[in-house]
Structures are given as structure tokens and as C-alpha cells.
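Remarks on the overall topology
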Amino acid sequence: MCIPPPNVTGSLHIGHALTVAIQDALVRWHRMRGDQVLWVPGSDHAGIATQAVVEKQLWKEQGVRRHELSREAFLREVWKWKEEKGGEICEQLRMLGASLDWDRECFTMDAGSSVAVTEAFVRLYKAGLLYRNRQLVNWSCALRSAISDIEVESRPLPGRTELRLPGCPAPVSFGLLVSVAFPVDGEPDAEVVIGTTRPETLPGDVAVAVHPDDSRYTHLHGRQLRHPLTGHLLPLITDSAVQPHLGTGAVKVTPAHSPADAEMGARHGLSPQSVIAEDGTMTSLCGDWLQGLHRFVAREKIMSALRERGLFRDLQSHPMVLPICSRSGDVVEYLLKSQWFVRCREMGDQAAKAVESGALGLHPPFHQKNWQHWFSHIGDWCVSRQLWWGHQIPAYLVVEEQGDGEDCWVVGRSEAEAREAAAELTGRPGAELTLERDPDVLDTWFSSALFPFSALGWPQETPDLARFYPLSLLETGSDLLLFWVGRMVMLGTQLTGQLPFSKVLLHSMVRDRQGRKMSKSLGNVLDPRDIITGAELQVLQEKLRDGNLDPAELAIAAAAQRKDFPHGIPECGTDALRFTLCSHGALGGDLNLSISEVLSSRHFCNKIWNALRFILNVLGEKFTPEPAEELSPSSPVDAWILSRLALTAQQCERGFLTRELSLVTHTLHHFWLHNLCDTYLEAVKPVLARSPCPSGPPQILFFCADVGLRLLAPLMPFLAEELWQRLPTRPGCSPAPSICVAPYPSAHSLEHWRQPELEQRFSQVQEAAQGLRALRAMYQLTKARPRVLLQSSELGEQGLFEAFLEPLGTLGHCGAVGLLSPGAAAPSGWAQAPLSDTVQIFMELQGLVDPQTHLPLLAARRHKLQKQLEDLLARTPSHGAAETQRQQRLSSLQMELLKLDKAASHLRQLMEEFQPREC
């Protein structure tokens, strides 16, 4: 297994912690089972993200722009920054308890990865799967680079919205639909009105399109229109892709700046005109009046010109989706650029068939639909990036050589190899040729897609590659299914001839307690270290100020942080954080994490710590554990806890095998808290207090602690290790040096302890104990230990309780517990409560309760509950879950009132029976 390489752009956030918690739990479990385990650590160079962060830092600290430095000088700054941040990520991983194979740590820009990237590029090129072409790409004008789909944030706008954009002097309005008239040539009063949200692209229009069946425009088929800005003639074309019911049913066609228009333009043989340059300014094709202007400044000038010419028709608020570059915050443009592309259709078909055939399993399975849809609609992948940080493309332009009017490019693992290819291609001696290497770098996702095999030494035939490839499992966030997992499957299958892994486990996204996505600008991004060690609000605010947020974002983030964490974050510990993260099922929706939930897990850790302290105190220094095979329960309660322990091991094994870690956490929480601590430890305390202490319960306690800690170890490694090392060792047995390599308890080894019928009987005893505690609370018997009698109308049930009378009294916080024969009269002056249809419990009250003091208290409680009941009844019935909840509350209140009335009746009866009689 390999860790999804975190971006070296900064410290890990809570989403990374979820990945680590899940992967490390699985890795530790397999290791304890004796499996050979390899977990490869690594980090990703994150081309665009890292370059953007370093550029911001250089400007902030030195007032220097990237282009003011040489490429080599800038890369030195990036490497320096990487060494600082890379170390921080490793520190975080270690703090999270990640048991990675650190001697195999790799980085996607190290020498081995560079060789793999170059080899992959060359092989794909030679296989005809990589080519250079001029096509539309996602372009960030702020970064002056193509960007991948995952770096494009689709931001929905409800209507008119003002945004501040990098490089633009004033806020820009979006979510506006501008209606523009295109006059019909030769008909002075005729026009076709189109609507656009992007008037700055009007100079690039080459046609207007309508649907062929739209009767409003049938008479204009084949006619020409006048461009509203230039007056040039444009054809009115018909295309079935036009949606006649939207707007006026007529659309402008701008093939150089719209993917849909590019397809339409290709169908009709229209030549694209690029009117927006790489830096976001208008090109010379727009004319002198617009050339060089920022595109959104030009927008306003174009609007003014339309008004002056009488061709502006309307402006209205309009919902839209705006593509935003997630790295720079700029609006993404679609530009025609000569770039390198990977052909994905054939490889995508193979990836789709792998899931369809079951060769590749996606879990949860509902992700299969997205997988198949994406690969059935996949386009070619632009892998060129106009950056300095990254793997420089191993392609060379043969200067002064052109084929069919196009540039001549060759590819090679080295310049020498490329020169040989150029000589063969041109028929000229290689020494005479001038080669210029493509200055662009490859998309970060290209190197990431090779990670499962490049991290093992590919393209070399290394022992690690032969031994561990393909991987057994890939675990990652569901948001990376297509952009990373899909590309790993495509390139892995193509380059190695094998799927890179056979199973993919996808976890949910981590959101804050309000369900919001984690975002630096919202101030809700959590550093796992702050949860583990705790952090004061002042420290959290300083971290925000040290980041790269602009002043406006910083103010918003700081205010949100003060609201969410007014007193900072309390110390929770690594184990509590890991346990909480793993407790959320992968099959569910997004994980809304709250600090209070992690705190609850910390309290659970404390409970385990205190339980072990109690057990070790009971065992004492001279305790010698018996061999497990000689263990023998001395009471039904001993047998019950061993049965529960065996069931716990069975459920944990099932959870790990199916990778449902939430089942494991729930099972362990229930065993440690409810079975061991709340029930067994309490039940055996009177037995342990005897002198001499019987040997059975201490042996059972040791066994439960040993097995329970080993069951817990994959999830809570630090706590389990610390406590397990304190347990005494069995004589003649060589203990494992660490719990992480001790055998994980198997369900098979404990199944002989399983007694489901005993557990069922004891569950009735626990219900009786709960009933006794409720009765004690009703009469406020805080310190007294009243005698208790149980009566059953069925003889068999009497026998069930008879074996558990002592633990029943202990768990019910009562005195002696006895049995009342079926049909026998209830003792006078004892409280009575039904436990079930066949079982009654009686509790002694005489001398323990003062009716005159207690009756007013019951009356006050009844008055309060009656008021709540009346308020609920007065509410108008609702629907769905709210009404169900109301009905449940009504039923609960009515039941409580009945109990109070019965208790009051008992107390009045007690007063009558024992008050002095007059002679």
C-alpha cells in the first residue's frame, strides 16, 4: 500500500489525518496478523500549488516577482522551501502514529521519480498515446499556465455578484446576461439578439447559431449578420446543439474561447480568433482601441461602445456557474494553446472494463457509476504546464525545421537520444541540428499517476517492484477517485501491463461541525497537531497570519476562528483523534468533525487507562498469568465476560476484513466501556475484596486486558503500547517486543468461549439492575442499600436470576437480593415495579424513605412533567421525523408520570400502614 502523497505546499490538515488513521489501522492489523506489509511514504511536488505559494512568499518577504529571477534561482528558492515544509509533513505523520516504511520515503521530484516520468512520457509518445496539438485548455491568466480540471472550481452564482480578481483594478460584476443585437445584412430593421455573460469575447465571434427547427429564424437561414463592434459579416448557421427554449434561441459562436463553441466551429469549418492573451489582456485582433487592456476593463469599454452604437438591448441578473482557478482565485479562461496531450479513450475503456469485470473493486460500490460515466465521456488530457517547478517535458523543438507548415518536435530520454530521433526524422546529421527543449513542465498528476510503481523503482526491475507490485489496496479520499485513481489505473495498466492495485477503498470528505468544506479562507482548516496537543486561540490566529491569505480573507478567517474556538482547542491526544476519525463509516456521507467528539474519545481513553490501573492493582506484583488454554471461569459472570470478549474479537475481525473500521471502533467502545468497565469490573469488586481473593477473577481480568489491548492496538497504538507493556508476562513464554508485532487475537482462537444463550440470560439481569437503579433514583436512595426481592410468574425465569443474585445486587447498587415465590404476597411497605410482563421487583422502603419529605418532591416533579406534556399536546402535529420525535417524547412523559403516580401511591400507603393508630 502507498500513502496518497500529500502536497508539499504546507502542513497536513485533518483530511490527511483521516487517510493516515484508516491506512495505519489496516497496516497495523495486517502486521499483527503476521502478513508481510509494505506501506510506502512519499510527498508530491504539487507544481502549480507550490509555485504559487513560493511566489507569494517571495513577494511578501523580498518584494520580488518570479520573472525577475532566473529559472535556476527561483528553483533554488522552491527547493529550500520544500526542505522546510517536507520536514514538517514527516513530523506530522510521525505524530499521527503512521508506521510507514521510512527508509523507502520518496518525493515526486527526486531522481528516481524523474527517471520514471521521462520513461513514461517517451513510452506513451512511442505508443502513439501522447501528441502535441493546438487545442482549448483551462488557462489561468494569473499563473500564465494551463491548469487541470481539478484546479478549476465551479462556483455557482445566484445572479449579480461582484468579485475582486488578481490583476484587476476594480471589482468585476458577474452573473449578468447582456443582450446584444446583430443587424441582419441588407435589412435595415431586422436583427438577431443574442445573450452573453461574457461580452469581452464579442471580438472573437465568428458566427451566430440557431436551431434548424426554430421557426423564428427559418426565414434567415443562409443570411449574414453584421458584427456589432466591427461591422464584419458573420454567417447565421443552424446547429441542433442550440437550445431554442433558452433566451432568444440565438447564440454567438466564439470557437477560440468556449469548448462548446469550438466543437460547433469545427462542425461548420469556422476559423477561431483568439482575442484574449495569456496574461488576460486583449490581443491585436481586437483593434487598437482594446489591445493591451485587461479583459474585464475591456468588457466595460465594449458595453459602452454597444450603447453608443444603439446595439445594446438589455442587462439582467442571471444565475451562472463561474470557473475559478483554485490556486490563484482568477477566472479561468479557455485559450487555444499548443500543448502536449495524452490520448485517453483507449486507456479509459480498459479502466472502465476493469471495474465492470470485477478485476478492480471500488468500495463503497456506489462510486462505480461515477467511474463508468467519467471514462465513457473522457477527453484527451492536457499535460503541459507553463511553470518552472516540475518535471520539464522531455521534448525538443527542431529549430528551423517544419513539416507541413508545423513545428517539428522530437522526444527522448536525453538530448542525445532526441538528437538521434531528429536526425532520423529530418535526414540531416544530428550535429547540424539545433534543438530547444520545451520549457514547460508536466502536470503534477502525471507523476502522481506513476506513484504506485515509480515508488518501487520502476522502470528498473527492482526486487521491491517484483515483490510488492501490484499493490494490494489503495485507500484515499473519494474526491481523488477520478483525477488520481483513474489516471493511476490508466497509466499503470498501459506502462506495466497490470492494474496497479486490485481494490480501492474510498473514504468521505472531512467537513467542519457545520458541514462546511475545510477552507483556509473560512478559518476552519485544522492542523492535526493542534487537536493532538491542544492550541490556544492566540496560537491559532498567529498561524493564520503566517499563511498566505490576503488581508480580506485573513479578516474573515480570523473572525470565523474566534467564533468556532473562542477558548482554543483542548488537548485530545493522537489516539483519541485516530479513534474518532475511524469511527465514521466509509459508506456514509461526509464526515462532519467536531472537537467535542474527539474529546469524548479522549474520555474513553481515560476510562481504559483507569481500568488498567485498577486491574494492575488487583493483580499485584506477584501475579503469574496462567496459560490461556488453562483459563477457567469460576462464575457465570466470568463466563459472560469471556463470551463478550470472544464476540468482540469476532466483530473486530469482521470489521477489518470488510474494512468497516466503524464496526471495529463501535465494538471496542462497547466492550471496554459497557462490558468490562461498567459491568464486569463492578460485578466482581465484592469478590475481589474477599480475603483471600479467589484466583479466578484476576486471571479473567488479565486475559481481558491482554486480549482487549491487542484488539485496540491498530486504532490506539500509543495507549495500547503503554498499557500492554505494563502487563505481567506469562512464564516460559517469550513476549513480543512491542504490541504492534504481537499476534492479533483471532476469532477462531476465542470461539470456544462463546455462549450466546448465557449472554441472552445475562442481558435480562442487566435490565433488572437498570430497573433497580431507576427505582432507587425515584425514591432518592442515594446512599442506602435496600433489600430487594424478585418475583417471576414462570419457574424457569426464577432459576435464571438465581445464578446472578450477587452481581445483580452489586450492579443495582442494592443490598441482599432474594427471590419471592410465584403467587406469594408482596411484602408490606416495599416499593413495586414491573420489569417485564412476567417479572416484578420489590424494594424495601421502610426506614429508608420519609414519605412526608419525599411526597412533595414527587409532586413538584409531576407538576413539571405535566406542564411539558401539556405544551407538547398543544403543539400542532407536524410531519416526518419531527412528528415521530414528538410522539416519542409524549410517550416517554406519559410513562414517567405513571411511574411518579405509582411511587406516590406507595408512599401514601406506607404512611397509612406505619402511622400510629389511636386507641
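Definitions and cut-offs
Residues numbered from 1 in each chain as written. Predicted model: local features only at pLDDT ≥ 70, side-chain atom pairs only at ≥ 80, totals over all residues. Heavy atoms only, no water. Pairing = 2+ DSSP bridges. Helix = DSSP H or I, 4+ residues; strand = E, 2+ residues; numbered from the N terminus. Axes fitted to C-alpha atoms, helices over the stretch in contact; angles between N-to-C directions. Phe/Tyr/Trp six-rings, centres within 6.5 Å; stacked < 30°, edge-to-face > 60°. Buried < 20%, exposed > 50% of the residue type's maximum accessible area, 1.4 Å probe, protein only. Lys NZ or Arg CZ within 6 Å of the ring centre and 35° of its normal. Parallel < 35°, antiparallel > 145°, perpendicular 65-115°, else oblique. Contact = heavy atoms within 4.5 Å. Nonpolar A, V, L, I, M, F, W, Y, C, P; charged D, E, K, R; others polar.

A few words now on the sheet that holds strand 10 (residues 207-210). With respect to topology, 4 strands assemble into an open sheet ordered 11-12-10-13, the strand pairing being mixed. The open sheet is flanked by strand 11 (224-226) and strand 13 (250-253), the only strands paired with a single partner. Each strand axis lies, on average, 35 degrees off the axis of its neighbour in the sheet, ignoring direction. In this structure, strand 11 lies alongside strand 12 (residues 233-238), joined through 3 bridges in antiparallel fashion.

What follows is about the packing of aromatic side chains. Under the defined criterion, the tally for this structure stands at 23 aromatic pairs. Seen from their ring centres, W374 and F375 are 5.0 Å apart, and the 75 degrees between their planes marks the pair as edge-to-face. An identical accessibility class is assigned to W374 and F375; each is buried. An aromatic cluster of at least three residues, connected via ring pairs, comprises F121, Y125, W340, W381, W409 and F446. Lying across the ring of F107, K82 places its NZ or CZ 4.3 Å from the centre. Seen from the ring of F614, K685 lies directly overhead, with NZ or CZ sitting 5.5 Å from the centre.

So, about the packing of helix 1 (residues 14-32) against helix 17 (residues 574-582). In the contact formed by helix 1 and helix 17, the axes pass within 9 Å of each other and the chain directions differ by 90 degrees. Classified by the interaxial angle, the pair formed by helix 1 and helix 17 is roughly perpendicular. In this structure, helix 1 uses I14, A17, L18, A21, I22, D24, A25 and R28 to contact helix 17, whose residues at the interface are L577, R578, L581 and C582. For the contact of helix 1 with helix 17, the class distribution of residues is 9 nonpolar, no polar and 3 charged.

Residues A207 and A209 of strand 10 are buried on one face, and the alternating residues V208 and V210, pointing to the opposite face, are buried as well. The pairing of strand 10 with strand 13 spans 4 bridges and is antiparallel. Residue pairing for strand 13: V208 is matched across the bridge by K252. Looking at chain direction, strand 10 and strand 12 are connected through 3 bridges and run parallel. Following the sheet pairing, A209 is matched in strand 12 by I237.

A separate point is the environment of Q561. For Q561, the location among the structural elements is in helix 16 (residues 551-564). Placed 17 residues apart in sequence, Q561 and L544 show a C-alpha to C-alpha distance of 9.4 Å.

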